[in-house]
Amino acid sequence: MRATEKMICIICPMGCNLTVTREGTTVLRTEGNTCKQGLTFAEAELTDPRRMVATTVRVKGAIHPLIPVYTEKPFPKPRIFDLLREVCQLEIEAPVAMNQVVLENALGEGINIIASRDMPRMST
Amino acid sequence: MAKQLKSQYDVIVVGAGPGGLAAAISAKKNGADDVLMIDRDLELGGILLQCIHNGFGVDTFKEDLPGPSYAQRFIKEAQGVGIDYLLDSMVLDVTSGRKVFVTGTRGGFKELQARAIVIAMGCRERTRAQIGIPGPRPAGVYTAGLAQRWVNVEGYMPGKRFVILGSGDIGMIMARRLTFEGAKVERVLEVMPYLTGLSRNYVQCLMDFDIPLQLRHTVKRIIGKDRVKAVEAVQVDDRWRPVPGTGEMIPCDTLLLSVGLIPENELSQKAGVILDPMTNGPFVDDGFATNIPGVFAAGNVVHVYDLVDWVTKTGLTAGRRAAMFAQGHCNENPVFVPTAAGENIRYVVPHRIDPETLTQDTIMLQMRVTQPMEEAVLVRVTDGDTLIAKKRERYVRPGEMVSLKLRERDYDSVRHAKELRVSVAPL
């Protein structure tokens with residue numbers, strides 16, 4: 001069945017207003033996007049929506065109790081809360097280096113969770 | 001860290017967030033030998049360190065980075081090029097003679113002399129006092145940025161059930177963040193008839209998690225004695241007056257305020273820097289020089305940007321110009337052309353430009369519109385009847401800054417202009 005729907009592209013801060021014409025989950029046409037990423041976004045939204053996920057993990061021996069972490073690639077949207085439950089179990093030890101893998105192959109999705117920054121060990 | 005603090009520097013940068021970091025790096029690379037950054041926090045990086053969400057650096061690095069990663073790239077670079085910095089230290093005063101008075105627990109009180117200063121203190125959140133919400137004053141009313149610091153850096157959850165006032169980016173991002181941490185965000189209220197943050201944040205922070213947004217709504221009253229128990233939300237008319245009969249009690253234990261940011265210019269004013277009442281930041285030229293010779297401004301201290309990439313860009317410009325000033329390489333007698341806000345433009349930054357800049361560089365004019373226009377518009381720069389530059393935009397919104405680049409080809413017309421008036425009108 002052919003249908004049109006409105007979407008806001010979230011690939012970049014421009015946030016183009018898209019009008020997506022689709023047949024089921026197949027995108028026939030997008031209007032309103034200023035670059036071709038708009039089409040990629042619309043296709044993904046209909047079949048496999050994903051989001052970057054950023055959260056924190058407990059860290060021992062650092063100047064802060066938490067270290068920020070994120071998914072190195074966009075993560076399947078329906079599994080975000082499962083991911084958060086998994087990540088909230090973790091506790092790591094300082095020092096931590098930026099991009100260090102904190103959780104490998106999260107939930108078997110083939111996406112690593114990595115540290116967003118260095119966190120040196122607290123000098124005592 | 002500054003091992004041995006000098007008493008004199010070519011460039012002193014006040015604030016080590018993205019604006020200050022970019023300014024310091026750029027000053028150093030443009031010939032300033034002794035550059036010092038001063039920050040009150042224990043680490044370099046500023047507010048980016050608490051902005052753990054992605055979306056930074058799409059323009060600067062062509063990558064989608066979280067705030068701390070974006071900051072770290074500049075921190076490493078600053079350390080790599082040999083910039084001194086003083087942390088856990090508060091600048092108490094800056095004078096028009098470019099003296100900087102600073103104090104800290106380790107270094108004590110110091111008087112420093114700079115050839116040029118870059119002010120990069122960023123901005124502050126508006127608080128409950130500034131928007132005047134009536135009612136008692138229980139615990140549980142916080143600014144969104146404060147909550148962000150608690151949740152992302154210090155590891156405290158400020159509540160369980162939230163209402164967020166203001167649809168700015170920080171408010172929406174906190175709505176998602178609190179949801180991630182197991183809290184319930186009941187509602188986001190926005191007094192304006194439109195979203196004040198970026199649309200992408202509406203999608204990925206509110207829509208994705210079914211958090212309702214109510215436009216033309218505000219908090220009429222806070223209920224609770226020791227702790228917030230509920231807020232009374234109300235619809236408002238065009239003049240922000242409550243519409244009778246529209247009140248609704250929303251039970252919650254915390255109200256977060258995301259009701260705007262104000263450039264932080266207490267120090268600038270001590271140095272005699274004159275502020276524009278429209279932006280709450282200094283009047284600046286295209287090199288981000290203020291009215292005080294040798295005092296430059298970088299980042300959100302000038303006006304509040306939507307994107308850190310812009311903060312970085314202006315920091316690079318301010319730092320380069322500060323280095324030039326410190327070395328005595330500035331256009332001595334510039335003949336400035338003022339910019340002006342025309343139809344549907346709230347303000348234009350910079351406030352005046354030196355046309356000679358266009359012989360070597362482009363100049364970005366940045367504007368905020370007064371009213372949203374959800375149709376194709378033409379942004380025009382005119383001097384009387386003369387069209388100097390124009391740009392098409394698919395729409396304009398107050399929450400999204402409009403930029404227009406002046407180029408070398410515009411040099412002649414800019415040089416002969418009395419003013420550069422920017423206006424926006426439907427195509």
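In this text, all values refer to a predicted model and were calculated from it rather than measured experimentally.

Along chain B, the regular secondary structure elements total nine helices and 27 strands. Taken over C-alpha atoms, the radius of gyration comes to 22 Å for chain B, in line with the 22 Å a tight globule of 427 residues would show. The dimensions of chain B, computed from C-alpha atoms along their principal axes, are 65 × 60 × 40 Å. Here chain B, with 427 residues, has 57% of them falling under the buried criterion. Long-range pairs, those at least 24 residues apart, make up 63% of the contacts in chain B with a sequence separation of at least 6.

On a plain count of helices and strands, chain A comes out with two helices and ten strands. Taken over the C-alpha trace, chain A has a radius of gyration of 19 Å; the compact-globule value for 124 residues is 14 Å, which it surpasses by more than 25%. Along the longest, intermediate and shortest principal axes, the C-alpha atoms of chain A span 65 × 30 × 15 Å. Across the 124 residues in chain A, those meeting the buried criterion constitute 45%. Contacts in chain A between residues at least 24 apart in sequence constitute 47% of all its contacts with a sequence separation of at least 6. Here chain A displays about 6400 Å² of accessible surface, and carbon together with sulfur accounts for 51% of that area. Of note, chain A has its 15 positive side-chain charges centred 4 Å away from the centre of its 14 negative side-chain charges.

We now examine the domain arrangement of chain B. The extent of an interface is frequently quoted as the accessible surface area lost upon association of the parts. Residue and element names in this part refer to chain B. Domain assignment breaks chain B into domain 1 (8–124 + 262–330), domain 2 (127–259) and domain 3 (339–426). Of note, the centres of domain 2 and domain 3, computed from C-alpha atoms alone, are 35 Å apart. Between domain 2 and domain 3, the contact holds five residues from the first and six residues from the second. Both sides together, the interface formed by domain 2 and domain 3 hides about 380 Å², and carbon and sulfur atoms give 53% of it. Among the residues of domain 2 in contact with domain 3, Y194, L198 and S199 are the three that bury the most area, contributing 77% of the side total.

Let us now look at the pairing of strand β26 (residues 402–406) of chain B. Residues and elements named next belong to chain B. Taken across its five residues, β26 has four buried, putting it largely inside the fold. Examined bridge by bridge, strand β23 (residues 363–369) and β26 share five bridges and lie antiparallel to one another. Looking at the pairing, M364 lines up with K405 of β26.

With that out of the way, let us pick up a nonpolar patch on the surface. Residues and elements named next belong to chain B. On the surface, a nonpolar cluster with roughly 280 Å² of combined accessible area is contributed by M90, L92 and F109. With respect to the helices and strands, F109 occurs in the loop between β5 (99–104) and β6 (110–119). What makes F109 exposed here is its relative accessible area of 52%.

Turning to the pattern of salt bridges, a few remarks are in order. A full pass over the atoms with the stated rule returns 37 salt bridges over all chains. Between A:R117 and B:E43 there is a salt bridge; the shortest N-O distance is 2.3 Å. One end of the pair, A:R117, is in the segment after β10 (113–115); the other, B:E43, is in the loop between β2 (35–38) and α2 (67–80), on a second chain. Pair check on accessibility: A:R117 and B:E43 agree, each one buried. With a shortest N-O distance of 2.9 Å, B:E154 and B:R149 are connected by a salt bridge. Residue classification places B:E154 among the partly exposed residues on the basis of a relative accessible area of 30%. Among the charged side chains, a network of salt bridges with common partners joins A:E45, A:R51, A:K77 and B:D208.

Glancing now at helix α6 (residues 199–206) of chain B. Of all the eight residues making up α6(B), seven are buried; the element is thus mostly covered by neighbouring parts of the structure. Residues of α6(B) that are buried include every one of B:S199, B:R200, B:N201, B:V203, B:Q204, B:C205 and B:L206, and no others.

On the side of chain B, 37 residues touch chain A, which itself brings 32 residues to the contact. Between chain A and chain B lies a buried interface of about 2800 Å² when both sides are counted; carbon and sulfur atoms form 58% of it. Its largest share of buried area at the contact with chain B, chain A owes to A:I10, A:P13 and A:A54, together 19% of the area lost on that side. At the junction of chain A with chain B, the criterion picks out four salt bridges. One salt bridge in this structure joins B:K76 and A:D118, with 2.9 Å as the shortest N-O distance.

All names here are of chain A. Judged by pairing direction, the sheet is mixed, and its five strands sit side by side in the order β8-β5-β6-β10-β9 without closing on themselves. The two strands at the open ends of the sheet, each matched to only one other strand, are β8 (91–93) and β9 (101–103). Strand-to-strand twist across the sheet, computed as the mean angle between neighbouring axes with direction ignored, equals 45°. Here two bridges tie β9 to β10, and the two strands are oriented antiparallel to one another. Pairing of L103 across the sheet is with I113, part of β10.

The description of an aromatic ring pair uses the distance of the two centres, along with the angle that the planes make with each other. One pass over the full model with this rule turns up nine aromatic pairs over all chains. For the pair B:F61 and B:F74, a centre-to-centre distance of 5.7 Å together with 45° between the ring planes defines the contact as tilted. Placement of the pair is B:F61 in the loop between β2 and α2 and B:F74 in helix α2, with a sequence separation of 13 residues. You can call B:F74 buried: its relative accessible area is 8%. With a centroid separation of 5.5 Å and an interplanar angle of 90°, the aromatic rings of B:F180 and B:F209 are classed as edge-to-face. Of the two residues, B:F180 is situated in helix α5 (residues 169–180) and B:F209 in the loop between α6 and β11 (213–215); the sequence distance between them amounts to 29 residues. Its relative accessible area of 10% is what places B:F180 among the buried residues. On the basis of relative accessibility, which here comes to 16%, the residue B:F209 falls in the buried class. Among the aromatic side chains, those forming a connected cluster through ring pairs are A:F81, B:F180 and B:F209.

Further remarks concern the environment of B:D383. All names here are of chain B. By secondary structure assignment, the location of D383 is in strand β24 (residues 377–383). For D383 and A340, which are 43 residues apart along the polypeptide, the C-alpha to C-alpha distance reads 9.8 Å. Apart from residues no more than four positions distant in its own chain, D383 is found in contact with I388, H416, A417, K418 and E419. For D383, the side chain forms a polar contact with the main-chain nitrogen of K418, separated by 3.2 Å.

The rules we used
- Residues numbered from 1 in each chain as written.
- Chains lettered and ligands numbered in written order.
- Predicted model: local features only at pLDDT ≥ 70, side-chain atom pairs only at ≥ 80, totals over all residues.
- Heavy atoms only, no water.
- Helix = DSSP H or I, 4+ residues; strand = E, 2+ residues; numbered from the N terminus.
- Rg over C-alpha atoms; globule rule 2.2 N^0.38 Å.
- Buried < 20%, exposed > 50% of the residue type's maximum accessible area, 1.4 Å probe, protein only.
- Contact = heavy atoms within 4.5 Å.
- Areas by Shrake-Rupley, 256 points an atom, 1.4 Å probe, with all protein chains shown as cover.
- Lys, Arg positive; Asp, Glu negative; His and termini not counted.
- Charge placed at Lys NZ, Arg CZ, Asp CG, Glu CD.
- Domains from an automatic or database assignment.
- Buried area = accessible area lost by both parts, 1.4 Å probe.
- Pairing = 2+ DSSP bridges.
- Patch = residues over 30% accessible without salt bridge, like charges linked within 9 Å, V, L, I, M, F, W, Y side chains within 5 Å.
- Salt bridge = Lys/Arg side-chain N within 4 Å of Asp/Glu carboxyl O.
- Axes fitted to C-alpha atoms, helices over the stretch in contact; angles between N-to-C directions.
- Phe/Tyr/Trp six-rings, centres within 6.5 Å; stacked < 30°, edge-to-face > 60°.
- Polar contact = N/O pair within 3.5 Å; in protein donor to acceptor, adjacent residues only side chain to side chain.

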